[in-house]
Amino acid sequence: MQIIRSSFAALLFASSFSMAASAADLTVGISAEPSAIDPQFSRTGNNQNAAQHIFGRLVEQDENLQIKPNLAESWKNTDPLTWEVKLRQGVKFHDGSPLSAEDVVYSLERVSTIENSPAPFTANVGSIAKMEIVDPTTIRFTTKKPTPQFMELAGMVYIVSRKASEGKGIADFNSGAATIGTGPYKFVEWVPGDRLVLQRYDDFWGDKPEFEKVTFRTISNNAARVAALRSGAVDLIDAVPPADVATLKSVEGIALHSTPSARIIYLALDSARDQSPFVTDKAGAKLAPSPLKDVRVRQAMSKMVDRQLLIDRILSGAGAAAGQLVPEGIGGHSANLKPDAIDLAGAKALLTEAGYPDGFGITVHSSNDRFAGDADVGQALGQLFARGGLKVNGVVTQPYSVYVAAAGKQEFSAFVFSFGTTTPSAAPGMTNVLMTFDKEAGTGSFNRARYSNPAYDAKMKEALAEFDVDKRNALLAEAAEVAFGDVAIMPLYWPVVTWASRDSIAFTPSKGEDTLATFAHTTK
């Protein structure tokens, strides 16, 4: 039997079993490929799923999302503004050069130089005021303000080799010329739209990977991905369509692995601009000021959405309606925030109060290969808004690799997106998705609609400065009540996600799912 833990994070480490099959290869069918191999280009899940096999970070997470030492052997907070991090000794890059404090400082500085990132790591390093190399394995960090989550933030940035990457661009990572990491697997080749191939790194500092070669095949079409597993062309697939779960359960030789997700599926609304590109009057003419700036309009649109209908029809029931960023059990969840119920009369009243009794025109955008049913969600929202009295000018779906860049450039008015919480609390998501965009401060990195609320920002700053975990989580919950009362984004649901594999694979999904699978061990 082979054991795999998700989510394709620090892939395929050796288990305590020692077997002759350790030289086996693994082929994985994935629904969405990375947009680049540069590990710092984007924090989106498909990019991280590739990066974590090749590159290391100062800290790593267990399946319960708690951080643990990785390239950093230890760390301590000497005062509210000072952290000392001790690097693990004996770590080598894939070219044989040793990991040093210089590589770490270079990597953290490099984050702010990445251009055109659709989801930058700037928020992870935004609190850093100064970095000092004490000795080759020790770094002293000074933060601009007390930052209790410092290691959860800076510690999750991928460390690259200064020697291999300085002066190199994204094309050099995509070709492999600069793709030199400290991870368990070395880069072999990336053929966009087809495959990413990795080779075992025998000098990896940690548990040795048992698979000699791992090939990630991009199969964005759901039916084709399922068919590839059934035919034996791949060993494991991600993003099993909910409609196929019941059928696959009865297929001999296939095993299913499901887990509730902390990934929020939401609709972002362009609430910041006076004129939004896809907002019109009922006749199709540009409409300014944009109705989306009015909280009553955003509240009305939320009341038009039947979340349970989305879950039942698109996910075959595999999801939970959402009214905030994170589900119960994650720090920052507020018991006071419930999902909006379908209420067309209430929506009509709010639109009338806001001055739009006859509605207005809107176009809904969505990806069509990022998560299960994303294109269907976009289509369903269009129908629900039309039923609620809006004129839906169109529903447009695009491949995620195109869509994410356009969303980052604010090319949409109402667009479906997702955010996966992979930390013990909602703090990173609430910082990146909802706080006012400020590149220098490192906030709002994923705030693609440029929502901004000074009251929310103030409450978040208070929460992020609190070292007491319980007090910090209470402040995060208060901040959530401000943002979601304002419909900063429109939460839809948290999906249950499912992987499928050959039945010789035992697979334990982690709470921090990011669509791909991790940690495979050959045990037969």
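Please refer to the structure higher up on the page.
Residues numbered from 1 in each chain as written. Predicted model: local features only at pLDDT ≥ 70, side-chain atom pairs only at ≥ 80, totals over all residues. Heavy atoms only, no water.

S.K.: Describe the overall build of the chain, listing the residues and the values that go with them.
M.R.: Of the regular secondary structure elements, the chain holds 16 helices and 24 strands. For the chain, the C-alpha radius of gyration of 23 Å lies close to 24 Å, the compact-globule estimate for 524 residues. Overall, the C-alpha framework of the chain stretches about 70 × 60 × 40 Å when taken along its three principal axes. Out of the 524 residues in the chain, the part that is buried amounts to 59%. The contacts in the chain between residues at least 6 apart in sequence include a share of 71% that link residues at least 24 apart. Roughly 19,400 Å² of accessible area belongs to the chain as shown, and the carbon and sulfur atoms make up 50% of that amount. Averaging the locations of the 51 positively and 58 negatively charged side chains of the chain gives two centres separated by 1 Å. (Helix = DSSP H or I, 4+ residues; strand = E, 2+ residues; numbered from the N terminus. Rg over C-alpha atoms; globule rule 2.2 N^0.38 Å. Buried < 20%, exposed > 50% of the residue type's maximum accessible area, 1.4 Å probe, protein only. Contact = heavy atoms within 4.5 Å. Areas by Shrake-Rupley, 256 points an atom, 1.4 Å probe, with all protein chains shown as cover. Lys, Arg positive; Asp, Glu negative; His and termini not counted. Charge placed at Lys NZ, Arg CZ, Asp CG, Glu CD.)

S.K.: Go over the nonpolar core with me, naming the residues and quoting the values.
M.R.: Nonpolar side chains in soluble globular proteins tend to end up buried together. One finds Met301, Phe360, Leu381, Phe385, Met430, Met490 and Leu492 to be the most contacted residues of the largest nonpolar core, which totals 77 residues. Setting aside its immediate chain neighbours within four residues, Met430 contacts Leu325, Met435, Tyr456, Met460, Leu476, Ala479 and Ala480. Ranked by size, the runner-up nonpolar core spans 52 residues in total, among them Val59, Val125, Met151 and Val160. (Core = buried A, V, L, I, M, F, W, Y, C linked by side-chain atoms within 4.5 Å.)

S.K.: I'd love a proper account of the pattern of salt bridges, names of residues and values included.
M.R.: Under the counting rule described, the total for this entry stands at 19 salt bridges. A cluster of three or more residues bridged by salt bridges with shared partners is formed by Glu102, Arg162 and Glu166. (Salt bridge = Lys/Arg side-chain N within 4 Å of Asp/Glu carboxyl O.)

S.K.: Would you mind going over the packing of helix H14 (residues 427-434) against helix H15 (residues 454-464) in detail, with residue names and values included?
M.R.: How two helices pack is summed up by the angle between their axes together with the distance between the axes. Remark: H14 packs on H15, axes separated minimally by 11 Å, with the N-to-C direction vectors making an angle of 150°. Of the possible angle classes, the one that applies to H14 and H15 is roughly antiparallel. Where H14 crosses over H15, the two elements pack in a sense that is left-handed. On the side of H14, the interface is formed by Ala427, Met430, Thr431 and Leu434, while H15 contributes Tyr456, Met460 and Leu464. Residues belonging to the contact of H14 with H15 are distributed by class as follows: 6 nonpolar, 1 polar and no charged. (Axes fitted to C-alpha atoms, helices over the stretch in contact; angles between N-to-C directions. Parallel < 35°, antiparallel > 145°, perpendicular 65-115°, else oblique. Left-handed = near helix turned anticlockwise from the far one by under 90°. Nonpolar A, V, L, I, M, F, W, Y, C, P; charged D, E, K, R; others polar.)

S.K.: So what's going on with unusual backbone geometry? Residues and values would help.
M.R.: Residue Pro289 is bonded to the preceding Ala288 through a cis peptide linkage, with omega at 0°. Looking at the element boundaries, Pro289 is found in the loop between strand S17 (279-280) and helix H9 (295-303). For Ala239, which is not glycine, the phi torsion reads 50° and is therefore positive. One can find Ala239 in the loop between strand S14 (236-237) and helix H8 (242-249). Backbone geometry places Gln410, a non-glycine residue, at a positive phi of 60°. Considering the arrangement of structural elements, one finds Gln410 in the loop between helix H13 (400-408) and strand S21 (414-420). On the basis of relative accessibility, which here comes to 22%, the residue Gln410 falls in the partly exposed class.

S.K.: I'd like to hear about the packing of aromatic side chains, residue by residue, with values.
M.R.: Counted under the stated rule, the structure contains 12 aromatic pairs. Ring centres 5.9 Å apart and planes at 70° place the aromatic pair Tyr356 and Phe360 in the edge-to-face group. The pair Tyr356 / Phe360 is uniform in exposure class, with both members buried. Their ring planes at 20° and their centres at 5.7 Å tell us that Tyr403 and Phe417 sit as a pair that is stacked. Linking Tyr403 in helix H13 with Phe417 in strand S21, this pair joins segments that are 14 residues apart in sequence. Both residues of the pair, Tyr403 and Phe417, count as buried. (Phe/Tyr/Trp six-rings, centres within 6.5 Å; stacked < 30°, edge-to-face > 60°.)

S.K.: Talk me through the pairing of strand S12 (residues 195-200); I want residue IDs and the actual numbers.
M.R.: For strand S11 (residues 185-191) and S12, the ladder comprises 6 bridges, and the chain directions are antiparallel. Bridging from a neighbouring strand, Tyr185 pairs with Arg200 of S12. A loop of 3 residues connects S11 with S12, the two strands running antiparallel in sequence, and Gly193 in this loop sits at a positive phi of about 85°. Sheet analysis places S12 next to strand S13 (residues 213-218), joined by 5 bridges and oriented antiparallel. Each bridged residue has a counterpart across the sheet, and for Val197 the counterpart in S13 is Thr215. (Pairing = 2+ DSSP bridges.)

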